[in-house]
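Listed here are the chains, written in short residue letters.
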Amino acid sequence: MAGNAEPLSPRAKLAVTAGKAAAAVSRAAGRGSGSVIGGRVALKLDPDLLARLATHLDVVLVSATNGKTTTTRLLAEALRANGEVVSNALGANMPAGITSALAGGSEARYGVIEVDEKYLAGVARDVKPKAIALLNLSRDQLDRAAETRMLAEKWREGLAGSDAIIIANADDPLITWAASSCPTVVWVAAGQEWKDDAWSCPSCGGVLQRPAEDWFCGECGFRRPTPTWALSGDHVIDPYGSAWPIQLQLPGRANKSNAAVSAAAAAAFGVDPKVALERMYNVQAVAGRYDVVHFQDRDVRLLLAKNPAGWLETFSLIDGPPTPVILSVNARSADGTDTSWLWDVDYTRLAGHPIRVIGDRKLDLAVRLEVAGLDFQVCRDFDEAVRTSPAGRIEAIANYTAFQDLRRRVGN
């Protein structure tokens, strides 16, 4: 078990102080939380600071293409049953942001850390986690993150022989491939709605067979492992066969999947599934996701969808037609500048919804919706989109920077 924090060296103390000062200046200038710039300054002064800040913590890392911020939040809430938690709850998930978060955790027992997919192996080497939760891998920001099979192989190589307990989604072949190089894996049947990035075997390149919920490669024998935890409807089944109810304020099947993985990860730290799942009910929203805001005398629910898999999950939880929908897409560096992924999203699922389109790349999205045969209106901005939407609560779906733009506009 991790213990109390040992006193930092003078160099480390200077780095932490300088980082906090830089973050404060950034906040005062209205440039966000300052966590990233603060972490960069701190790491510049002490490159080993991240490792030093984690020495007293029992750390769990969470990584995935989709759901890692929500899972981090759910898991942090579960572990608070046993002690104080420090976490990068707002999603600053690269080394600089993680360093800023841990700098405020000198009294914490646990570190629950969301990690960007590209940085997982490096952060794991630095913080020596007790557990790592791996949820899913699918196409996202291809100009930055590259092809999913390549990323899975980097995880497989970078985590090989890890001392951490790996909590892995057995239903995702890419996750299974990445985790199977590790000696201790807890397999969770968490489901996989989006399968278009996992039809070929990550081991040999052959075509995967997918009878019902199973999957296997007929050429090399690589197959779905037998899970010890499972999501079953509205329950989590533990290794002893006990069914624990999932009662979340967060909507959708994907969040039940996140809760199932979180319960399995919490159990690795000695938190009973009943306690863990009951505590997860306290989470109402995650960094603005799922919040319902009042704007221009209208109720608007804010939903984040960053890639094809995320859009698919989001379409499954919005209210049905004729609920009005606002779609907003940007292609800034944090989103990935390649918008070709729009053609992988099945927008026909929005048939019957009155649609308003905004964002930096609204014309790209408009072309995609035109091809899908949908009725929509391109609007100048969010204000116009809300003003022209028919009556009823509005579902506003946006990718990453577009989502942040919406949050700023509504003061969320």
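All values derive from a computational prediction rather than experimental measurement.

Participant: I tried to follow the sheet that holds strand E17 (residues 394-398) on my own but got confused; where do I start?
Facilitator: Each strand in a sheet pairs with its neighbour through backbone hydrogen bonds, running either in the same direction (parallel) or in the opposite one (antiparallel). Spatially, six strands are ordered E12-E13-E17-E14-E15-E16 in an open sheet, and the strand pairing comes out mixed. Of all the strands in the sheet, just strand E12 (292-295) and strand E16 (376-378) have a single pairing partner and so form its edges. With strand direction ignored, the average angle separating the axes of adjacent strands in the sheet is 25°. Pairing geometry for strand E13 (residues 298-304) and E17, over five bridges, is parallel. Bridge pairing in E17 links Leu-302 to Ala-396. Here helix H12 (residues 308-315) sits on the sheet in contact with E13, strand E14 (325-328) and E17, set at roughly 170° to E17. Across the sheet, helix H15 (residues 400-410) is in contact with E12, E13, E14, strand E15 (355-358) and E17; its angle to E13 comes to roughly 150°.

Participant: Explain helix H8 (residues 148-159) here, please?
Facilitator: Every α-helical turn comprises 3.6 residues, leaving residues that sit three or four positions apart pointing alike. Under the 1.5 Å per step criterion, the end-to-end length of H8 is 16 Å for 12 residues, consistent within 8% with the ideal 16 Å. Against the buried residues of H8 lie strand E1 (58-63), helix H6 (120-127), strand E4 (131-134) and helix H9 (173-179). The residue sitting at the N-terminus of H8 and contributing the capping side-chain oxygen is Glu-147; that oxygen lies 3.0 Å from the backbone nitrogen of Arg-149.

Participant: What exactly am I supposed to notice about helix H5 (residues 95-102) here?
Facilitator: For H5, the tally of buried residues reaches six of eight residues, placing the bulk of the element in the interior. For H5, the complete set of buried residues consists of Ala-96, Gly-97, Ile-98, Thr-99, Ala-101 and Leu-102. Summarising the contacts, the buried residues of H5 are in contact with helix H2 (35-45), helix H3 (49-54), strand E2 (85-87), strand E3 (110-114) and H6.

Participant: It is not clear to me how the nonpolar core should be interpreted in this structure. Could you clarify?
Facilitator: Grouped burial of nonpolar side chains is what soluble globular proteins tend to show. Grouped together as the largest cluster of nonpolar side chains are 59 residues, with contacts concentrated most on Leu-79, Met-280, Trp-311, Leu-327, Tyr-347 and Ile-397. Broken down by element, the residue count for this core peaks at seven residues, all from helix H10 (residues 253-267). Apart from residues lying up to four places away in sequence, Leu-327 is in contact with Trp-311, Tyr-347, Leu-350, Ile-355, Arg-356, Val-357, Ile-358, Leu-365, Leu-369 and Ile-397.

Participant: For this particular structure, what's the right way to read a nonpolar patch on the surface?
Facilitator: A cluster of nonpolar side chains, namely Trp-343, Val-367 and Val-371, defines an oily patch on the protein surface of about 300 Å² accessible area. Residue position: Val-371 is located in helix H13 (residues 362-371).

Participant: Which parts of the structure should I look at to understand the sheet that holds E4?
Facilitator: The nine strands lie next to each other as E2-E3-E1-E4-E5-E6-E9-E10-E11, forming an open sheet whose pairing is mixed. If you trace the sheet from one side to the other, it starts and ends with E2 and strand E11 (243-245), each paired once. Adjacent strand axes in the sheet meet at a mean angle of 20° when their direction is disregarded. As paired elements, strand E5 (residues 165-169) and strand E6 (residues 185-189) share four bridges and run parallel to each other. Bridge pairing in E6 places Ile-167 opposite Val-186. Of the strands in this sheet, E4, E5, E6, strand E9 (229-232) and strand E10 (235-237) are in contact with H10, which crosses E9 at around 155°. With respect to the sheet, helix H11 (residues 273-280) is in contact with E9, E10 and E11, its orientation differing from that of E11 by roughly 20°.

Here is what the cut-offs are and how they apply
- Residues numbered from 1 in each chain as written.
- Predicted model: local features only at pLDDT ≥ 70, side-chain atom pairs only at ≥ 80, totals over all residues.
- Heavy atoms only, no water.
- Pairing = 2+ DSSP bridges.
- Helix = DSSP H or I, 4+ residues; strand = E, 2+ residues; numbered from the N terminus.
- Axes fitted to C-alpha atoms, helices over the stretch in contact; angles between N-to-C directions.
- Contact = heavy atoms within 4.5 Å.
- Expected span 1.5 Å × (residues − 1).
- Polar contact = N/O pair within 3.5 Å; in protein donor to acceptor, adjacent residues only side chain to side chain.
- Buried < 20%, exposed > 50% of the residue type's maximum accessible area, 1.4 Å probe, protein only.
- Core = buried A, V, L, I, M, F, W, Y, C linked by side-chain atoms within 4.5 Å.
- Patch = residues over 30% accessible without salt bridge, like charges linked within 9 Å, V, L, I, M, F, W, Y side chains within 5 Å.
- Areas by Shrake-Rupley, 256 points an atom, 1.4 Å probe, with all protein chains shown as cover.
- Salt bridge = Lys/Arg side-chain N within 4 Å of Asp/Glu carboxyl O.

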